[in-house]
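Summary of the model geometry
Given next are the chains, with one letter for each unit.
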Amino acid sequence: MYLWRSVGIAEPTNLGGKTSAIFAMPTRILRLVGLLLGFSAAGLLVSPAEAQTCVSQKFSNNKLFQHCSNLSTLSSTLHWTYDADGSLAVAFVAAPAASDGWISWAINPSGSGMVGAQSLIAFKQAGGSVTVKPFRLNSYQSVEQKNLTLEVSDMSAESSGGQMMLFATFRLPVNWTTVNQVWQVGRSVAAGRPQIHDFQSANLNAKGTLDLVAAQTGGSTGGGDSRIRKRNIHGILNAVSWGILFPVGIIIVRYLRTFESADPVWFYLHVGCQISAYAIGVAGWSTGLQLGSKSKGLQYTSHRNLGIALFSLATLQLFALFLRPKKEHKLRFYWNIYHHGVGYAILIMGIINVFKGLNILDPEKKWKSAYIIAIGILGGVALFLEAITWIVVLKRRSSKSTKPYNGQQTI
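These remarks concern the structure in this document.

Thresholds, definitions, all that
- Residues numbered from 1 in each chain as written.
- Predicted model: local features only at pLDDT ≥ 70, side-chain atom pairs only at ≥ 80, totals over all residues.
- Heavy atoms only, no water.
- Buried < 20%, exposed > 50% of the residue type's maximum accessible area, 1.4 Å probe, protein only.
- Helix = DSSP H or I, 4+ residues; strand = E, 2+ residues; numbered from the N terminus.
- Pairing = 2+ DSSP bridges.
- Core = buried A, V, L, I, M, F, W, Y, C linked by side-chain atoms within 4.5 Å.
- Contact = heavy atoms within 4.5 Å.
- Phe/Tyr/Trp six-rings, centres within 6.5 Å; stacked < 30°, edge-to-face > 60°.
- Axes fitted to C-alpha atoms, helices over the stretch in contact; angles between N-to-C directions.
- Polar contact = N/O pair within 3.5 Å; in protein donor to acceptor, adjacent residues only side chain to side chain.
- Expected span 1.5 Å × (residues − 1).
- Arc of directions from axis to C-beta.
- Left-handed = near helix turned anticlockwise from the far one by under 90°.
- Nonpolar A, V, L, I, M, F, W, Y, C, P; charged D, E, K, R; others polar.
- Salt bridge = Lys/Arg side-chain N within 4 Å of Asp/Glu carboxyl O.

**Some thoughts on the pairing of strand S6 (residues 102-108)**
By the criterion of burial, S6 is predominantly enclosed, with seven of the seven residues buried. Residues of S6 alternate between two faces, with Trp102, Ser104, Ala106 and Asn108 on one and Ile103, Trp105 and Ile107 on the opposite face, all of them buried. Taken together, the six bridges between S6 and strand S7 (residues 117-124) define a ladder with antiparallel strand orientation. By the bridge assignment for S7, Ile103 is matched with Ala122.

Listed below in structure tokens is the structure:
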């Protein structure tokens, strides 16, 4: 009641058992809006149980890996991507035993323990920067800084929040399906050489097997697949919503309403399409918020801000249905300007943000090409219908102007 008065519109009155109002808002749509908002609120909840797993870890260099695992000891994690050609990219994360200590991750081609391991060790240099260097662990007393027998590249290291992270890419024999891994942390480094680590139970049990084939075929990976899957779901939902359904809804309302025979079908098609797009967009948006909450160190600022703006405008557009004056009302003209303006803003921003998301996900080229083709088809359909509707409108105006005047002509 007060809402209607505040915009200068008379509140609904009951006439002859029927409610007369200037608002055209079906009850079913109102209920659906309420359900959508409820689902969107539920989708924003983030499970606290996932907060401290490898899934929540991000890297400042924006590196992404297909899999990750919480290792059994030393509060450490391993992220990795394995390709069939033998390329194994890894990121090992652990806190050194002391602030000036070191961390290490190794592959042992000949055994399951420390001796014979091909190791990468990360530690702070004198200037405070973190470096990673290769070491061969020939015996319990002999640790030799030397190139590994395994080919390794892209070695780097960093530190953040008391943890160190080392990165590298190994070239493994293509027939290897598993590797024996060994990991460790130590307290000190002297003259560029890591000093001996503790011999507690956690240190002695810091070894295991990494099954490359099982990881590739969906074996237990400690949650890394879940993160990649959520990213893909986020991308698909938003591409379908902002990038496909919203443009289709605008095409429907712009061109179908030109044809008198399509009234009021075009309206319900338009509303149904946009509400579906909004529902899918809310799901994609909430998935993005969940991903963002687990990546405090990784920010895609423009993509995030456009996503927030899109959700806000779409929500505003949906609630604008509550204030949709009837066609004959004096405010309908201004409502149309607002509604069309916001709608076209969502259209443009949505397509831009889909391309930003594709650049972030960096999928195979065919997926970006497929979306470009889809948008191209929609654009072609729009251009075709634009021409057809102009022809219809011009013919309609021409027929009206050539009708004989039925009144009396005066001289």
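Let's pick the thread back up.
**Comments concerning the nonpolar core**
Judged by nonpolar contacts, the single largest core of 30 residues is most densely connected at Leu88, Phe92, Trp105, Phe170 and Leu172. When residues of this core are traced back to their parent elements, those giving at least two are strand S4 (77-82), strand S5 (87-94), S6, S7, strand S8 (130-137), strand S11 (163-171) and strand S12 (178-186). If we ignore the near neighbours within four places in the chain, the residues touching Phe92 are Leu71, Ser76, Thr77, Leu78, Ile103, Ser104, Trp105, Met164, Met165, Leu166, Trp183 and Gln184. Ranked by size, the runner-up nonpolar core spans 20 residues in total, among them Trp266, Tyr278, Leu310 and Met349.

**A short note on the packing of aromatic side chains**
One pass over the structure, following the stated rule, counts eight aromatic pairs. Judged by centre distance (5.2 Å) and plane angle (5°), the rings of Trp242 and Phe246 are stacked. Within this pair, Trp242 and its partner Phe246 are both found in helix H5 (residues 224-255), separated by four residues, close to a single helical turn. Residue classification places Phe246 among the buried residues on the basis of a relative accessible area of 6%. Taking 5.3 Å as the distance between ring centres and 80° as the angle between the ring planes, the aromatic pair formed by Phe333 and Tyr334 counts as edge-to-face. Considered together, Phe333 and Tyr334 belong to a single accessibility category, that of exposed residues. One aromatic cluster is present, built from ring pairs that chain together Trp266, Phe267 and Tyr268.

**Observations regarding the sheet that holds S11**
Overall, antiparallel pairing links the five strands, which are arranged S3-S4-S5-S11-S10 in an open sheet. The sheet is open, and its two edges are formed by strand S3 (67-70) and strand S10 (151-160), each paired on a single side. Each strand of the sheet is rotated relative to its neighbour by a mean of 15°, with strand direction disregarded. Relative to S11, S5 runs antiparallel, the two being bridged by eight bridges. Bridging across to S11, Phe92 finds its partner in Leu166.

**Things to note about the side chain of Asn353**
Mapped onto the fold, Asn353 is located in helix H8 (residues 332-361). A polar contact is formed between the side chain of Asn353 and the side chain of His303, at a distance of 3.0 Å. Non-local contacts of Asn353, meaning those with residues more than four positions away in its chain, are made with Ser302, His303, Leu306, Gly307 and Leu310.

**Some details on helix H7 (residues 301-319)**
With 19 residues, H7 extends 27 Å from end C-alpha to end C-alpha; this agrees with the ideal 27 Å at 1.5 Å per step. Of all the positions in H7, only His303, Leu306, Gly307, Leu310, Phe311, Ala314, Thr315, Gln317 and Leu318 are classed as buried. Along the axis of H7, the buried positions cluster into a sector of 165°, meaning they face one direction only.

**Observations concerning the sheet that holds S6**
Judged by pairing direction, the sheet is antiparallel, and its six strands sit side by side in the order S9-S8-S7-S6-S12-S15 without closing on themselves. Only two strands of the sheet have a single partner each, and these edge strands are strand S9 (143-145) and strand S15 (207-211). Within the sheet, the average angular offset between the axes of one strand and its neighbour, ignoring direction, is 30°. With seven bridges joining them, S6 and S12 adopt antiparallel strand pairing. Across the sheet, Ile103 pairs through a bridge with Val185, a residue of S12.

**Examining unusual backbone geometry**
In this structure, Leu74 takes a positive phi of about 65° despite not being glycine. Given a relative accessible area of 19%, Leu74 falls into the buried group. One non-glycine residue with positive phi stands out, namely Ser75, at about 50°. Take Ser75: it is sitting in the loop between S3 and S4. Ser75 sits in the exposed class, given a relative accessible area of 68%.

**A word on the packing of helix H6 (residues 265-293) against H7**
Relative orientation of the contacting elements H6 and H7 amounts to 145°, with a least axis distance of 11 Å. Judged by the twist between their axes, the crossing of H6 over H7 is left-handed. Here Ile275, Tyr278, Val282 and Trp285 of H6 lie close against H7, whose contacting residues are Gly307, Ile308, Phe311, Ala314, Thr315 and Leu318. Classifying every residue of the contact of H6 with H7 by side-chain character gives eight nonpolar, two polar and no charged.

**Topic: the pattern of salt bridges**
Per the counting criterion, the structure on display carries three salt bridges. With its nearest N and O atoms 3.0 Å apart, the salt bridge here joins Asp198 to Arg187. Highlighted residues: Asp198 in the loop between strand S14 (193-194) and helix H3 (201-204) and Arg187 in the loop between S12 and strand S13 (189-190), separated in sequence by eleven residues. The salt bridge partner of Arg254 is Glu386, with a shortest N-O separation of 3.0 Å.

**Details of the side chain of Gln317**
Along the polypeptide, Gln317 turns up in helix H7. By relative accessible area, Gln317 is classed as buried at 12%. Only 2.9 Å separates the side chain of Gln317 from the backbone oxygen of His339, close enough to count as a polar contact. Ignoring sequence-local partners within four residues, the contact set of Gln317 consists of Tyr338, His339, Val342, Gly343 and Ile346.

The values are spatial; any link to function lies outside them.
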